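# Residue-level structural notes
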Amino acid sequence: MLNFGTKEGDFIRKITKYVFEIPKEKNMKVDAYIFTDEKGLKEITEAIEQLKNVASLPGIVKAAYGMPDIHWGYGFPIGGVAAFDVEEGIISPGGVGFDINCGVRLLKTPLLYNDVKKHLEKLIQKIYEIVPVGVGSTSKKFNKKDFKNIIEKGVKGAIEIGYGYPEDLECIEDNGHITPASIKDISNKAYERGREELGTLGAGNHFIEIQMIEQIYDKKVANKLGIVENQIIIMIHTGSRGFGHQVATDYIQLMRNSFKNLSIPDKQLIYAPFKSELGQKYFSAMNCAANYAFVNRQIITHYIRIVLSELFNSSAQLIYDVAHNIAKLETHIINNELKKVIIHRKGATRAFGPNRNEIPQKFKQIGQPVIIPGDMGTASYLLVGTDESENIAFSSTAHGAGRLLGRRQAIRQLKLNKILSKLHKSGIIVKSKNKKTIIEEAPEAYKDIDKVIEITNYLSLSKKIARMIPLGVIKG
DNA sequence: ATGTTC
């Protein structure tokens, strides 16, 4: 047994290449597993403690999992997966994250690099002009009827009022519609914040990126997905904006008030029993925010389609849209039995293999597409779910590069000019509202995405299909 | 991540 931890008794056992086990100890109800290497393990001391805390929560089943991009987060680590029994278990806002259904959407255009290389600056500029970006950015104010329809019915509700096409639906996780979701469980404050932020990008690590398919690893699957090398791809990374943030804030407060004497190792791990009235209300409110985030990406897609039509007389089709901050009711194999659980994926992506019933016909042979973005100026990947991953971590995979430096730490250590000149040298066009964001989101503040994907692919958490490189990026 | 310490 190797001792990697900083505290006494903090034992971690290497199982195979890239798999580390923390056998249950003290209050832990199950073991924990982390998918990383020796170097990665040394960078995540706080996240390891957080994962052990998660493994001690009531009703957790099988094990707690840390994806290759795991790092410190609010209560639960980001890059963490934990499933709870629906009868005995809990639901926790900290296990979802403040940005409910933060996620990634990938659009394919019929354009190749040569078609756009002379117009790249203009393309970026036009998208930057049409999509509101930055903290506090707003769009049009939706009326109550449309807003209710959107948060309860998701993307279907948005298509009804002209944002996109019915064929978009099967290329979105859960068809962009999660239930139960009732506006009755949303506070006025969340409603007021939410209805004028639909169709805005936000800030932080959120971005719109113009990318090119640099390399294809599996031609057969790429054919099915309709992608070729040198093709122009557009990636949208955003979430539920102030709406999801308000839902999380509201329910953390309600849970604190209801369960004052709860003994938990970290007060950020506040939860409600899943079956309790408050647990069910948070589930419904969280689903409203999840639907909101899918629609946010749908409306931004609508804006991008307008730009592509104007500039190139062209359009864009969805490849896929994934959620990477969410809790869901799913069925998984536990002790050789099918069991219904409330699975929390925080900074982790669902990666269903071909054999899952939930997969639409279109992806039945290849598995669910998975999108893993890099950080600003680095590569991103398209992958597919595998049947093997069900036995590894409830069909879950990584969600991004994962932070290495905290935001404040990045500002202290990194220099804006250096970051910008490096991006410029790589030929990447950057449009940004806020210089501070550029420093916080610099590649040096993140882990190496190629390493994250190597581990992910090696373990079959998901299988890599294509690598995309950025040509231009829009940030808040 | 966030009307960035409602």
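The model shown is predicted, which means the values in this text are computed figures rather than measured ones. (Residues numbered from 1 in each chain as written. Chains lettered and ligands numbered in written order. Predicted model: local features only at pLDDT ≥ 70, side-chain atom pairs only at ≥ 80, totals over all residues. Heavy atoms only, no water.)

### Comments concerning the overall build of chain A
The helix and strand tally for chain A stands at 15 helices and 19 strands. By the compact-globule yardstick of 23 Å for 476 residues, chain A fits well, its C-alpha radius of gyration being 21 Å. Evaluated residue by residue, chain A yields a buried proportion of 62% over its 476 residues. Look at the contacts in chain A between residues 6 or more apart in sequence, and 76% of them connect residues 24 or more apart. Carbon and sulfur atoms provide 49% of the accessible area of chain A, an area that totals close to 19,100 Å². (Helix = DSSP H or I, 4+ residues; strand = E, 2+ residues; numbered from the N terminus. Rg over C-alpha atoms; globule rule 2.2 N^0.38 Å. Buried < 20%, exposed > 50% of the residue type's maximum accessible area, 1.4 Å probe, protein only. Contact = heavy atoms within 4.5 Å. Areas by Shrake-Rupley, 256 points an atom, 1.4 Å probe, with all protein chains shown as cover.)

### Topic: the sheet that holds strand E3 (residues 31-35)
The pairing of strands in a sheet comes from backbone hydrogen bonds and takes either a parallel or an antiparallel form. Pairing in this open sheet of seven strands is mixed, and the strands run E1-E2-E3-E4-E5-E13-E12 from one edge to the other. Here the strands that pair on one side only, and so sit at the sheet edges, are strand E1 (13-16) and strand E12 (325-334). The average undirected angle you get between the axes of adjacent strands in this sheet is 25°. Relative to strand E13 (residues 337-346), strand E5 (residues 78-85) runs antiparallel, the two sharing six bridges. Pairing of Phe84 across the sheet is with Ile342, part of E13. Along the sheet, helix H2 (residues 45-54) contacts strand E2 (19-22), E3, strand E4 (63-71) and E5; its crossing angle with E4, the most-contacted strand, is approximately 155°. (Pairing = 2+ DSSP bridges. Axes fitted to C-alpha atoms, helices over the stretch in contact; angles between N-to-C directions.)

### Thoughts on the UniProt feature "active site" (unreviewed entry) in chain A
When the UniProt feature table is mapped onto this chain, "active site" (unreviewed entry) is found at His399. Among the structural elements, His399 can be located in the loop between strand E17 (396-397) and helix H12 (407-413). Once you skip the residues sitting within four places of it in the chain, His399 turns out to touch Asp69, Ile78, His324, Gly347, Ala348, Thr349, Ile372 and Pro373. Side chain to side chain, His399 and Asp69 meet in a polar contact 2.5 Å long. (UniProt positions renumbered as here; feature names shortened; annotations may be inferred. Polar contact = N/O pair within 3.5 Å; in protein donor to acceptor, adjacent residues only side chain to side chain.)

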